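# An overview of the molecular structure
What follows is each chain in one-letter form.
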Amino acid sequence: QLIPNWTLLEEVNISANELSALDEAIGSWVKLKNFFCNDMPIKQLPDTVQNWKNLRVLELKSCGLTELPPAVGAFQQLVSVTLSGNELTTLPPEVGSWGHVKKMWIENNRLQSLPPEIGKWESLEKFYINSNELSELPDTFSNCKAVNEFYANKNKFKEFPMPILAFPELNRIYLMENQLEHLPDEICSCVWLELLYLNNNNISEIPKDIGNLIKLQSLMLGHNNIEHLPKS
């Protein structure tokens, strides 16, 4: 068990230990700002974490999590979240309260869907969802206008995730090893795009105005079905 009576704690790192569960008494850490609990099979968070209203950094990598409790909705000050290497299939709608989050890692899970409430992450800049089972994004994700880097390699996208094209400062798109069959013409309007990684898909044609991406520095199209490149 963890010692519960440290009510002045602002940062805790208990990663890579032998704990198999977190005691409900950790809810007494009401001043907690940074919590690191990686590489431990805790499997779930106690509901008492709803008292962590000052939490800014949360790392729960490789913890065997299958779901997050609604209590995480109390983490309204979060700016960085790491949930990679778990067994999550979705996120609870309460994550919509994470309006200040800037960096989100949810890689190597089993995500099949994301709730429409993620559209409230208006401060999000970098979104990492590599190695999941996603085939689409909620339309509301287009509201996350601050996103500039999007990583979704090794998912199940057959159609291009159109919500990301609403981000005015998007400069990196990683969609390698999906099942994409075509690129929408709208991608040619992403004038800030610098890196476009689309290896290992089923793309057969490139939009004719791809040359409009004048800031593009790296274009990766290996292992697709492309027969012609546009003159632009």
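Residues numbered from 1 in each chain as written. Predicted model: local features only at pLDDT ≥ 70, side-chain atom pairs only at ≥ 80, totals over all residues. Heavy atoms only, no water.

### Here's the deal with a positive patch on the surface
Let me state the cut-off plainly: To count toward a patch, a residue needs a relative accessible area above 30% and no salt bridge. Like charges then connect within 9 Å, nonpolar side chains (Val, Leu, Ile, Met, Phe, Trp, Tyr) within 5 Å. Accessibility throughout is a Shrake-Rupley quantity obtained with a 1.4 Å probe, and a residue counts as covered only by protein chains that appear here. When a carboxyl oxygen of Asp or Glu lies within 4 Å of a side-chain nitrogen of Lys or Arg, that pair is called a salt bridge. Counting rule for charge: Lys and Arg are taken as positive, Asp and Glu as negative, and neither His nor the chain ends is counted. In plain terms, the charge of a residue is placed at NZ if it is Lys, CZ if Arg, CG if Asp and CD if Glu. We count a stretch as a helix when DSSP gives it H or I for four or more residues in a row; a strand needs E for two or more, and each element gets its number in order from the N terminus. Classification of residues uses two cut-offs on accessible area relative to the type maximum, computed with a 1.4 Å probe and protein chains only: under 20% is buried, over 50% is exposed, and between them is partly exposed.
On the surface, Lys-31, Lys-33, Arg-56, Lys-102 and Lys-103 cluster together to form a positively charged patch. Its location among the elements puts Lys-103 in strand E5 (residues 103-105). Taking the relative accessible area as the measure of exposure, Lys-103 reaches 36% and is therefore partly exposed.

### Focus on the packing of aromatic side chains
To be explicit about the condition: The pairing test for Phe, Tyr and Trp rings, Trp by its six-membered ring, is centres within 6.5 Å, and the orientation test on the planes gives stacked under 30 degrees, edge-to-face over 60, and tilted for anything in between.
Per the stated rule, a full pass over the model turns up 13 aromatic pairs. Plain terms: the ring middles of Trp-52 and Phe-75 are 6.3 Å apart, the flat faces sit at 20° to each other, and that makes the pair stacked. Of this pair, Trp-52 sits in the loop between strand E2 (34-36) and strand E3 (57-59) while Phe-75 is found in the loop between E3 and strand E4 (80-82), placing the two residues 23 residues apart along the sequence. In this structure Phe-75 comes out as buried when scored by relative accessible area, which is 0%.

### Concerning unusual backbone geometry
Trans peptide bonds make up the majority, and among non-glycine residues the majority have a negative phi. With phi around 55°, Lys-154 is a residue other than glycine that occupies positive phi space. Here Lys-154 is to be found in the loop between strand E7 (149-151) and strand E8 (172-174). Residue Lys-154 is classed as partly exposed on the basis of its relative accessible area, which comes to 43%. With a phi angle near 60°, His-223 is a residue other than glycine that sits in the positive phi range. Looking at the element boundaries, His-223 is found in the segment after strand E10 (218-220).

### Details of the sheet that holds E7
So the rule is basically this: When DSSP finds at least two bridges between two strands, those strands are taken to pair. For helices, the fitted axis covers only the stretch in contact; all axes are lines through C-alpha atoms, and the angles between them, taken along N-to-C directions, range from 0 to 180 degrees.
Reading across the sheet, the 10 strands line up as E1-E2-E3-E4-E5-E6-E7-E8-E9-E10 and stay open at both edges, with parallel pairing between neighbours. At either end of the open sheet lies a strand with only one pairing partner, and these are strand E1 (11-13) and E10. Averaged over neighbouring strand pairs, the angle between their axes works out to 5° when direction is ignored. Relative to strand E6 (residues 126-128), E5 runs parallel, the two sharing 3 bridges. By the bridge assignment for E6, Trp-105 is matched with Tyr-128.

### Some points on the side chain of Thr-82
Quick note on the threshold: Note on contacts: a residue pair qualifies if any of its non-hydrogen atoms lie within 4.5 Å across the two residues.
Looking at where Thr-82 falls in the secondary structure, it is placed in strand E4. Looking at Thr-82, the relative accessible area reads 11%, which means it is buried. Setting aside residues no more than four positions away along its own chain, Thr-82 makes contact with Leu-58, Glu-59, Leu-60, Lys-61 and Trp-105.

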